[in-house]
Amino acid sequence: MNRLTAEEASAGVAKLDGWKVKDDTIMRRIKTRDFAEALRIANLAGEVAEQRNHHPEIRLGWGFCRITFTTHDAGGLTQADLDAAAALDAALASG
């Protein structure tokens, strides 16, 4: 898979909900009411990742869950990262 240019990454992230480009990754930090909600979001991100076979870094704590995508094999962002982020956004929106 081809690595995205900075312009392609910026344009792709602009179509997503709350994602930011940072150091060859895309990241979204989601504020939550409590730890249980952060854990639910992390588990949902894990389910989406398994379905797509594209796995993010997930960090969580009381009041937040942070998801970070990059494609290690490509050495940066690819369309797979944007697609996985969009799939996670859709899953979050549906409940």
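Numbering of residues begins from 1 in every chain and follows the order in which that chain's sequence is written. Reporting of local features is limited, given that this is a predicted model, to residues whose pLDDT is at least 70; pairs of side-chain atoms are given and counted only at 80 or more, and all residues count toward the totals for whole chains, interfaces and linings. To obtain the side-chain values, all non-hydrogen atoms of the structure were included, while hydrogens and water were left out.

In this structure, what is going on with the overall build of the chain? I would like to understand it.
Across its full length, the chain holds three helices and four strands. Helix and strand labels come from DSSP, where a helix needs a run of H or I of at least four residues and a strand needs a run of E of at least two; each type is numbered from the N terminus. The order of helices and strands in the chain, counted from the N terminus, is α-β-β-α-β-β-α. Whereas a compact globule of 95 residues would reach a radius of gyration of roughly 12 Å, the chain reaches 13 Å, a difference of no more than 12%. Taken along the three principal axes of its C-alpha coordinates, the chain extends 35 × 25 × 20 Å. A 1.4 Å probe rolled over the protein chains alone gives each residue an accessible area, and that area as a share of the maximum for its type sets the label: buried under 20%, exposed over 50%, partly exposed in between. Counting the 95 residues in the chain, one finds 44% classified as buried. Within the chain, contacts between residues at least 6 apart in sequence are counted, and of these 62% link residues at least 24 apart. When the accessible area of the chain is evaluated, it comes to approximately 5,700 Å², of which 48% is carbon and sulfur surface. Counted charges follow a simple rule, with Lys and Arg positive, Asp and Glu negative, and His plus the chain ends left uncounted. Each charge is placed at NZ for Lys, CZ for Arg, CG for Asp and CD for Glu. Charged side chains of the chain number 12 positive and 14 negative; the gap between the two group centres comes to 7 Å. This radius of gyration counts C-alpha atoms alone. The globule rule is 2.2 Å times how many residues there are, raised to the power 0.38. Working rule for contacts: check all heavy atoms of both residues, and any pair within 4.5 Å makes them a contact. Areas reported here follow the Shrake-Rupley algorithm with a probe of radius 1.4 Å; residue values treat only the protein chains shown as occluding.

Can you help me understand the nonpolar core in this one?
Generally speaking, a soluble globular protein has its nonpolar side chains buried in company with each other. Counting residues in hydrophobic clusters, the biggest one holds 23 residues, and the most contacted among them are Trp19, Ile26, Ile67, Phe69 and Leu88. Sorting the residues of this core by element identifies helix H1 (6-14), strand E2 (25-31), helix H2 (35-52), strand E4 (64-69) and helix H3 (79-93) as the ones contributing at least two each. Buried residues of nine kinds, namely Ala, Val, Leu, Ile, Met, Phe, Trp, Tyr and Cys, make up a nonpolar core once their side-chain atoms join them within 4.5 Å.

So what exactly am I meant to see when it comes to the pairing of strand E3 (residues 57-61) here?
Side-chain positions along a regular strand alternate between the two faces of the sheet. Summarising the sheet, E3 and E4 pair through five bridges and their orientation is antiparallel. Across the sheet, the residue bridging to Leu60 is Cys65, located in E4. When DSSP finds two or more bridges between two strands, those strands count as paired. Turn length for the E3-E4 hairpin, with the two strands adjacent in sequence and antiparallel, is two residues, and the turn residue Gly63 shows positive phi of about 90°.

Mind showing me how you'd approach the pattern of salt bridges here?
Side chains carrying opposite charge are able to pair once their charged atoms draw close together. We count a salt bridge whenever a side-chain nitrogen from Lys or Arg sits within 4 Å of a carboxyl oxygen from Asp or Glu. Under the criterion given, the structure shown has five salt bridges. The salt bridge partner of Arg66 is Glu57, with a shortest N-O separation of 3.8 Å. In this structure Glu57 comes out as partly exposed when scored by relative accessible area, which is 45%. If you follow the salt bridges from partner to partner, you end up with Asp17, Arg28 and Asp89 in one network.

What is the right way to look at unusual backbone geometry in this model?
Glycine aside, negative phi is the norm for most residues, and most peptide bonds take the trans geometry. Look at Asp23: it is not a glycine, yet its phi comes out positive at around 50°. Relative to the helices and strands, Asp23 is located in the loop between strand E1 (20-22) and E2. Of note in this structure, Asn53 is not a glycine but carries a positive phi near 55°. Exposure remark for Asn53: the relative accessible area of 62% places this residue in the exposed category.

Honestly, the packing of H2 against H3 in this entry has me stumped. Any pointers?
Axis angle and axis distance: for two packed helices, these are the angle between their axes and the distance between the axes, and together they describe the pair. Axis lines are fitted to C-alpha atoms, over the contacting stretch for helices. Their N-to-C directions set the angle, which ranges from 0 to 180 degrees. In the contact formed by H2 and H3, the axes pass within 10 Å of each other and the chain directions differ by 130°. Classified by the angle their axes make, H2 and H3 are oblique. With respect to the hand of their crossing, H2 and H3 are arranged in right-handed fashion. Touching Ile41, Leu44, Ala45, Val48 and Arg52 of H2 are Asp83, Ala84, Ala87, Leu88, Ala91 and Leu92, all from H3. In this classification, the charged set is Asp, Glu, Lys and Arg, the nonpolar set is Ala, Val, Leu, Ile, Met, Phe, Trp, Tyr, Cys and Pro, and all remaining amino acids, among them Gly, are polar. Here the residues of the contact of H2 with H3 are counted per class, giving nine nonpolar, no polar and two charged. Convention used here: angles under 35 degrees read as roughly parallel, angles over 145 as roughly antiparallel, angles from 65 to 115 as roughly perpendicular, and any remaining angle as oblique. Each crossing is labelled by how the near helix is turned from the far one, with a counterclockwise turn of less than a right angle marking it left-handed and a clockwise turn marking it right-handed.

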